[in-house]
Amino acid sequence: MRRNNTGCFAALLPGFSRIMLLMYWISRPLAMDAAFGTFILPCLGFLFLPFTTLMYVWLIPGVGGIQGLDWLWLILAVLLDLSSIAGAAAANRDRLPASSPGSTQTPQP
């Protein structure tokens, strides 16, 4: 059985983006209000796609919209979020009971 020995580094990637997003939200609430028209979208972004939300908030105040090379940065942030989610799912796959769908172990009779 392979063990995940990454330690605190595994929590650093998703934790960093959420902490940065929270600090930006506290320090510049008007910028967050300008980027999003509602309260629910940044909250959902904080939970599910923190890098994408953070990158969107950083990119939107420039010209007032996403254009040109900004799309590249936004797509890279989406890929970083998805790779973080996929990496966590792959690392925790063996923690499922053997009888659950999606587990890699065969049930013992």
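As a convention, each chain's residues are numbered from 1 in the sequence order in which they are written. Where totals are concerned, whole chains, interfaces and linings use all residues; where local detail is concerned, this predicted model gives features only for residues with pLDDT of at least 70, and gives and counts side-chain atom pairs only at 80 or more. Computation of side-chain values covers all heavy atoms of the structure but excludes hydrogens and water.

**What to know about the overall build of the protein chain**
Next up, step 1: Put simply, DSSP H or I for four residues or longer makes a helix, DSSP E for two residues or longer makes a strand, and each gets a number counted from the N terminus. Tallying secondary structure elements over the protein chain gives 5 helices and 0 strands in all.
Next up, step 2: The secondary structure elements of the protein chain, listed N-terminal to C-terminal, are α-α-α-α-α.
Next up, step 3: Categorising residues by exposure relies on relative accessible area from a 1.4 Å probe, with only protein chains included: less than 20% of the type maximum marks a residue as buried, more than 50% marks it as exposed, and the intermediate range marks it as partly exposed. The buried share among the 109 residues of the protein chain stands at 24%.
Next up, step 4: When checking whether two residues touch, look at their non-hydrogen atoms; a contact exists if any pair is within 4.5 Å. Within the protein chain, residue pairs in contact and separated by at least 24 positions form 44% of the contacts whose partners lie at least 6 positions apart.
Next up, step 5: Surface accessibility follows the Shrake-Rupley procedure with a 1.4 Å probe radius. Residue values consider only the protein chains on display as shielding. Of the roughly 8,000 Å² of accessible surface on the protein chain, 70% is carried by carbon and sulfur atoms.

**Concerning the environment of S84**
Next up, step 1: You can see S84 is positioned in helix 5 (residues 70-91).
Next up, step 2: Taking the C-alpha atoms as reference points, S84 and F51, 33 residues apart in sequence, are found 10.0 Å from one another.

**Some details on the side chain of T52**
Next up, step 1: Structurally, T52 can be placed in helix 4 (residues 50-59).
Next up, step 2: A relative accessible area of 13% places T52 in the buried class.
Next up, step 3: Discounting chain neighbours no more than four positions away, the residues touching T52 are L74, A77, V78 and D81.

**Side note on the nonpolar core**
Generally speaking, soluble globular proteins have nonpolar side chains that are buried together.
Next up, step 1: For this analysis, a nonpolar core means a set of buried residues of the types Ala, Val, Leu, Ile, Met, Phe, Trp, Tyr and Cys, connected via side-chain atoms within 4.5 Å. Counting 15 residues, the largest nonpolar core has M32, A35, F36, M55, V57 and I66 as its most contacted members.
Next up, step 2: Elements represented by at least two residues in this core include exactly helix 1 (9-27), helix 2 (29-35), helix 4 and helix 5.
Next up, step 3: Ranked by residues supplied to this core, first place goes to helix 4 with 5 residues.
Next up, step 4: Apart from the residues within four sequence positions on either side, M32 is in contact with L21, Y24, W25, P42 and V57.

**A word on the packing of aromatic side chains**
Next up, step 1: Between 30 and 60 degrees the pair is tilted, below 30 it is stacked and above 60 it is edge-to-face, where a pair is any two Phe, Tyr or Trp rings, Trp via its six-membered ring, whose centres lie within 6.5 Å. With the rule as written, the count across this model stands at 2 aromatic pairs.
Next up, step 2: Ring geometry for W25 versus F39: centroids 5.8 Å apart, planes at 50°, classification tilted. One end of the pair, W25, is in helix 1; the other, F39, is in the loop between helix 2 and helix 3 (40-48), with 14 residues separating them in the sequence.
Next up, step 3: A relative accessible area of 19% means that W25 is categorised as buried.
Next up, step 4: Judged by its relative accessible area of 58%, F39 is exposed.
Next up, step 5: With 5.4 Å between their ring centres and 40° between their planes, F36 and Y56 make a pair best called tilted. Highlighted residues: F36 in the loop between helix 2 and helix 3 and Y56 in helix 4, separated in sequence by 20 residues.
Next up, step 6: Take F36: its relative accessible area is 11%, and that puts it in the buried class.
Next up, step 7: On the basis of relative accessible area, Y56 is assigned to the partly exposed category, the value being 25%.

**Observations regarding the confidence of the model for the protein chain**
Next up, step 1: The predictor reports its confidence for every residue as pLDDT, a score running from 0 up to 100. For the protein chain, the average pLDDT comes to 80, and 68% of its residues sit at 70 or higher.
Next up, step 2: For the protein chain, per-element mean pLDDT is lowest for helix 1, which scores 82, and highest for helix 4, which scores 92.

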